[in-house]
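# Commentary on secondary and tertiary structure
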Amino acid sequence: MAGFIFWRLARTFLAIWALASGVFLLSRHDLDTALRLSLPDAASQAGSGAALLPENQQAAQQALRRRFGLDLPVFYVSRGPASPAGVRPWHWHGGRNQYHQWLRGLAHGDWGTSFRTGQGVAGSLRHALAFTLPLTGTAAVLAVLSALALAQRLATAPWWQRPMRAVLVAVHGLPLFVVALVLLLVFANPDVLDWLPTYGLGSPNELNPSTSQQLADGFLHLILPVSALVITAVPELTLQLTAALQQELGTAYATTARAKGLSAAAVVRHHALRNALLPTLAQIAEFLPALVAGAVVVEVVFALPGMGRLLAEASAARDYPVLIGGVLLTGAVRLLALLLADLCYLWADPRIRWQS
Amino acid sequence: MLVPKKNPSGVLLWLIFSSLLACSCSSKGSSHEAIRIRWVHDPETINPMALTNQAAIEVNNLLHLSLIQANLTNHQYVPALAAALPEVRLVGDSLMHITYELRPVAAWDDGRPILGSDVAFTVKLMFCPGLPNEVVRNQYHFIKAVITDPATPRRFTIVCRGQAPEYVKATGDFCILPAATLDPAGRLSRFTLAELQHRAPTAPADTALQALARQYQQGYAGHPPGQLPGCGPYELVTWEKDRFLHLRRKSHWWADQLHPAPLMLRAKPQQLEYVIIPDVATAILALRRGELDVFPQMPAREFERLRTAPATRAALQFYTTDSYNVVTAGFNTSRPVLADAATRRALSRCFDAGRLMKATQLGAGQRTVGFISPSDTANYNRALALIPFDPIQAAALLRQGGWRRAAAPTAGWFRPGPAGTSQQLRLTMRYRAGDPLLTTIALQFQAATAPLDIPVSLLPTEAGSFSEVLRVGDFDMYAQVLKGNPFMFNFTPFLHSKGIGVGNFTRFTTPASDRLIEAIATASSNASRQRLLRQFQALMQQEMPMVPLFFLPSRTVADKRLSGLNVGSLKPGYLATTIVRAARATPAP
């Protein structure tokens, strides 16, 4: 088992490195756009000071290039300009290239500097994760627990099974932004139910709020965003698990259990559930990258900070250091989640363990 | 009221939920002392050397002060740190001396007076290596020296290379920073401005400058609350990225000694809280629930809906002003089919600016003949006629441009091209994807040209890619909003031949227009500039590299309990420092 885990980890590490390197090298082809977007817009004379004339804009772009080390060659080798004979010779740059500097920085925990804010990428990601993980983590736990409870009930074919399935299918078809806006317009609207706050995580300038008040305030602010995430995640999990449970309940061992006099709920809980969980484990593994990648729609609608907004804004502004950091992080979590799912499969189904 | 009776856990949950709701209801409304203002985006940085967006400029104007400031209400520059507007002296034909004198009461928070040496230090910081000053360094490259006089330390002269009216405003419009706080060791004083300006980028790093840059960067990177040095009326309390930025009024601010205090040097709110709410629907609900006080730049439909609904009309106050943002459509004049002015003028007749204004701004805004706002009565060319929506005239102008309309099956407009080729008038129009204003303009143009047999393909383009395709010229036409102000009349970035491949997306250039743009930028008097600007508007209407459609209005909505909110056409469209929240009425015993 240890060997298996070691080799899987090694492969995962290699895949993460290849992914990040690919994104890094691809991003170097669009650096001019990235640098231009970090300068004032030529179509805007909004700022103070003299107009940034074209020649000055180019000089500023060149200076930015130098500040971020983008004037170095991209990789260890590059092809020079064509000689009079038409040959383009290869040049070796040693460690003085962007890729090497980036890898070295990464090894020392330096994930680079944002083109726009000038702040460290690692710090920005840490700050965003501090808001994202509680939001997405709570939503994921609640969604999984709700789906487990609901699927177990639905599998026993109660009278409300059909209408509930219809509701779940309908909700499953709704985009997240619709669910989030409906919740907002129903529960934070003076014209309907003026119950919950609309945005943020609580106000910063309450007069010396106690910890309990702050917690209650934060809890209230998280009700709608978490609900939106849970409502959109539960149908998929529930429908899948219900189908898997119903299939298991039709097998011979489930019939035997019922023949022994066990209640339908007990058959589900003690016999069918573990076997039906395998596809759900894969679904939950899919959730894990979303835990760190954030939920950009919910973050925008409820004005919450987090990874989703950070990465979406970095993407729009071509802030490649932040974007590469985000890809590295979510990519790593995705690959680790797949590894985790494989390990969970081994735990859940002894047949897989024996075969491997 | 329904209360679960049998299940104890249900009762507990119900109690928790009820108490939280009660807490929610009690915290709602204007229990805050701070005036809460909506921002769409985070400032990203508050470093005065690297201001990237409007929010950053706005917060810097509260933390710091410049020598002169634009007055929101009358659009004139007025003294801020300076005691009066500067004295300007032209020296020969290549130098300009701009002399300022600082207010005697102007002082830093520690009581030290603000002196000319602080201004000289700030200018040197703009050129100090190791700082993120790439933009300001290139904006203020025209400053040759700052001459201070130990005998009159509040008086100083900024020497400019070249002579241009915009230098007067530019030299007074940057945040002044304290030399003694940011550079207590006086490292920068060992260098002259010329040495810093002419320092080669590849020069070996100077340890003193490196230490200064590191110290400066650390101060702004960590943005410790209350520790950012500035002579503005507010200090930073908290800045949570993508959440809020909280400012507190300084208890002792130097301008409190001015009686009467000029409008731009008043600071009434004790606390200002800028909250970042990207979504319009969320921000409107927050405004209605009393979780937000000021909503600037509200979209037209939402503004109108709130203004006409009885409940919100009673609770909110509504302001509309003109802005200096003009909606334009541009032509790629390097494309053979759009190279001649007649074709461009013909196509300009296919934009129905009046109806577009009605459709997108519900009738608000101002039609215009050019890039100068009609509000700027001194410079606006009223002799020119507005560009009409007239497809028949468009067809006639196309014929003047050598185009001939072919009947079906090859319906369209054709004209002979070079070397026996044939050109067909077929266009692609790009605009920023997801922008309803620009989408409406593109759709209206497409609908107007369809009966004329001019095929127009619409290409909504992602924001980042949009700027790149404009720069490389991968378009026939584009729609865009140009953001301006009433002070800068330098059209070089987007209409001069120097700007081709940088900001002149139309690639329009003629020797006459280049000369006129240069003459406007260096005009020595208001009268001559007015004359040149009118000529320029006439030339642009003749050549039509861009079609100016209309100037957008600026709409602000605020809680009715606020008073003293001054709105204006200058960005950000309101003056936060004069807002007062009326005391809440105490219930009668």
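Coordinates for the structure precede this section.
Residues numbered from 1 in each chain as written. Chains lettered and ligands numbered in written order. Predicted model: local features only at pLDDT ≥ 70, side-chain atom pairs only at ≥ 80, totals over all residues. Heavy atoms only, no water.

### Details of the packing of aromatic side chains
Enumeration over the complete set of coordinates arrives at 24 aromatic pairs over all chains. Summarising the aromatic geometry, the rings of Phe75(A) and Tyr76(A) are spaced 5.2 Å apart at their centres and angled 70° between planes, so their arrangement reads as edge-to-face. Each ring, one from Tyr140(B) and one from Phe174(B), has its centre 5.3 Å from the other, and the planes form 75°; the classification is edge-to-face. A residue pair is termed long-range when its members are at least 10 positions apart, and Tyr140(B) in the loop between α4 (134-139) and β6 (143-149) and Phe174(B) in the loop between α5 (165-172) and α6 (179-182) qualify at 34 residues. Phe174(B) shares its class with Tyr140(B); the two are buried. Cluster of aromatic residues (ring-pair linked, three or more members): Phe24(A), Phe75(A), Tyr76(A), Trp92(A), Tyr99(A) and Trp102(A). (Phe/Tyr/Trp six-rings, centres within 6.5 Å; stacked < 30°, edge-to-face > 60°. Helix = DSSP H or I, 4+ residues; strand = E, 2+ residues; numbered from the N terminus. Buried < 20%, exposed > 50% of the residue type's maximum accessible area, 1.4 Å probe, protein only.)

### Quick word on the interface of chain A and chain B
Counting residues at the interface gives 65 residues for chain A, matched by 72 residues for chain B. Between chain A and chain B we count seven salt bridges in total. Our count for the chain A to chain B interface comes out at 15 residue pairs in polar contact (both at pLDDT 80 or more). With eleven residues, the top contributor of residues to the side of chain A that touches chain B is helix α3 (residues 54-67) of chain A. Partitioned by chemical class, the residues of the side of chain A that touches chain B number 37 nonpolar, 17 polar and eleven charged. (Contact = heavy atoms within 4.5 Å. Salt bridge = Lys/Arg side-chain N within 4 Å of Asp/Glu carboxyl O. Polar contact = N/O pair within 3.5 Å; in protein donor to acceptor, adjacent residues only side chain to side chain. Nonpolar A, V, L, I, M, F, W, Y, C, P; charged D, E, K, R; others polar.)

### Digging into the sheet that holds strand β16 (residues 422-424) of chain B
Residue and element names in this part refer to chain B. Read from one edge to the other, the open sheet built from three strands follows the order β14-β15-β16, with strand pairing classed as antiparallel. Of all strands in the sheet, those bounded by a partner on one side alone are β14 (404-406) and β16. Put simply, the sheet's adjacent strands are angled 40° from each other on average, direction ignored. The pairing of strand β15 (residues 412-416) with β16 spans three bridges and is classified as antiparallel. (Pairing = 2+ DSSP bridges. Axes fitted to C-alpha atoms, helices over the stretch in contact; angles between N-to-C directions.)

### Regarding the sheet that holds strand β5 (residues 95-101) of chain B
All names here are of chain B. Strand order in the open sheet formed by four strands is β4-β5-β7-β6, with antiparallel pairing between adjacent strands. Of all strands in the sheet, those with a lone pairing partner are β4 (87-91) and β6, marking the two edges. For this sheet, the mean inter-axis angle between neighbouring strands, taken without regard to orientation, is 20°. Note that β6 and strand β7 (residues 152-161) share six bridges and pair antiparallel.

### Section: the side chain of Asn504(B)
Residues and elements named next belong to chain B. By the element assignment, Asn504 lies in the loop between α17 (492-495) and α18 (511-521). On the accessibility criterion, Asn504 (0% relative accessible area) is buried. In this structure the side chain of Asn504 is engaged in a polar contact, spanning 3.1 Å, whose partner is the backbone nitrogen of Arg507. Asn504 has contacts with Pro493, Phe494, Leu495, His496, Ser497 and Gly499, leaving out every residue within four places of it along the chain.

### Description of the packing of helix α5 (residues 121-155) of chain A against helix α8 (residues 211-249) of chain A
All names here are of chain A. Where α5 meets α8, the axes come as close as 6 Å, and the angle between the chain directions of the two elements is 35°. Remark: the crossing between α5 and α8 carries right-handed chirality. Of the residues in the contact of α5 with α8, the class split is 22 nonpolar, seven polar and no charged. (Left-handed = near helix turned anticlockwise from the far one by under 90°.)

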